[in-house]
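For reference, the chains in residue letters:
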Amino acid sequence: MNKCIIGMLVVSSALTMNATPVLEVSRGAANNTKFVTTSPRAKVTSVATTIECWINQPSFDGENQIVNQDGSGAPGRFFFQTQNGKVAWNIGGNLKTSVKTLTPNTWHHIAGVRDASGNTSFYIDGELDSKVAHTATALSNTANDGLTLCALPRACNAGGFRGKMAELRIWTAERTAAEIKANMKKRLAGTETGLAAYWPMNEGEGRVLHDKMRNRHMLAPGASWYYADDNYAVRIPQGATA
């Protein structure tokens, strides 16, 4: 499949009417891969929390940030990421990882679910990977803390994400296995109960990732767009809602 590159916009020459634009991030690209929400910063402070998204990475590093909240180094800071191909969630310095290692160059749906008691469950492609005792520490709520995508907030490009990403959803609730599996291949309306932030990442142009839940849009100066014709459109039907 041939590709032409126009500036930062990546466009496939094998587009179909059902091709899906998704975010594509090149690790360490000239200080442009740290995406932050517009003011007031979006943040999550609940104990019960669910983070889920679709990712496709060509290769893995020791740390590939997906979303984090750490502007001040507070005890409740968190980092949701992959580490050497495993799904990882670090809350206040307490790191837990999945058992399974993701397959490179493959679309995976991943989810981390923390319940009110601090136990964390990892789901990969809708199936429970593992459940571990984690921490019930409340997430940070200081003035400087806000959600950051694709890199560490206090070190531009450090631990940057590598690959494609879509359908990032953050819930202030413990999502059940049935809810995750039933909705992972559907677009959301943005009005679902417990949904705190929702970035479909399907703009296909521009440098803003729109939050359909609370209008906490992400400024994405280094955004590139990939039109996925590699079965992604099959996984998430166009126009479908939960």
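Everything here concerns the structure above.
These numbers come from a predicted model, not from an experiment.

Rules and cut-offs
Residues numbered from 1 in each chain as written. Predicted model: local features only at pLDDT ≥ 70, side-chain atom pairs only at ≥ 80, totals over all residues. Heavy atoms only, no water. Helix = DSSP H or I, 4+ residues; strand = E, 2+ residues; numbered from the N terminus. Contact = heavy atoms within 4.5 Å. Polar contact = N/O pair within 3.5 Å; in protein donor to acceptor, adjacent residues only side chain to side chain. Phe/Tyr/Trp six-rings, centres within 6.5 Å; stacked < 30°, edge-to-face > 60°. Buried < 20%, exposed > 50% of the residue type's maximum accessible area, 1.4 Å probe, protein only. Lys NZ or Arg CZ within 6 Å of the ring centre and 35° of its normal. Salt bridge = Lys/Arg side-chain N within 4 Å of Asp/Glu carboxyl O. 1 Å grid on protein atoms, 1.4 Å probe; cavity = no way out; pocket = protein on both sides within 12 Å on 5 of 7 lines; lining within 4 Å. Points joined across faces, edges and corners; volume = space filled by probe spheres on them. Nonpolar A, V, L, I, M, F, W, Y, C, P; charged D, E, K, R; others polar.

Chemist: I would appreciate a short explanation of the environment of Asp-211 in the present structure.
Modeler: Structurally, Asp-211 is set in the loop between strand S16 (208-209) and strand S17 (218-219). Residues Asp-211 and Tyr-198, spaced 13 residues apart in sequence, show a C-alpha to C-alpha distance of 5.2 Å. What Asp-211 contacts, discounting residues up to four positions off in sequence, is Ala-197, Tyr-198, Trp-199, Arg-216 and His-217. A polar atom in the side chain of Asp-211 sits 2.9 Å from the backbone nitrogen of Tyr-198.

Chemist: Sorry if this is basic, but what is going on with the packing of aromatic side chains here?
Modeler: Each aromatic ring pair is characterised by the separation of its centres together with the angle its planes make. Throughout the structure, instances matching the rule amount to two aromatic pairs. Ring plane angle 85° and centroid distance 5.6 Å describe the contact between Phe-80 and Trp-89, whose orientation is recorded as edge-to-face. Note on Phe-80: relative accessible area 0%, which makes it buried. The positively charged end of Lys-164 is found above the aromatic ring belonging to Tyr-226, 4.4 Å away from the centroid. In this arrangement the basic side chain of Arg-175 is found over the ring face of Trp-171, its NZ or CZ atom lying 3.6 Å from the centre.

Chemist: Just to check I follow, could you spell out the pattern of salt bridges for this structure?
Modeler: Close approach of charged atoms allows side chains with opposite charge to pair. Within this structure, the stated rule accounts for five salt bridges. For Glu-167, the salt bridge identified is with Arg-169, shortest N-O distance 2.6 Å. Of the two residues examined, Glu-167 and Arg-169, each falls in the buried class. Arg-187 is the salt-bridge partner of Glu-167, the closest N and O atoms lying 2.3 Å from each other. Placement of the pair is Glu-167 in strand S14 (residues 163-171) and Arg-187 in the loop between helix H1 (177-183) and strand S15 (195-199), with a sequence separation of 20 residues. The exposure class assigned to Arg-187 is buried, which follows from its relative accessible area of 8%. Put simply, Glu-167, Arg-169 and Arg-187 are held in one network by salt bridges that share partners.

Chemist: Sorry, what's going on with the layout of surface pockets here?
Modeler: Picture a little ball the size of a water molecule; that probe, rolled over the atoms, points out where space is still empty. In this structure, the largest pocket spans a volume of roughly 150 Å³. Forming the walls of the largest pocket are 14 residues, and the residues nearest its centre are Ala-42, Lys-43, Val-44, Ala-196 and Arg-214. Here the lining of the largest pocket takes three residues from S15, the largest share from any one element. Here the lining of the largest pocket is composed, by residue class, of six nonpolar, three polar and five charged.

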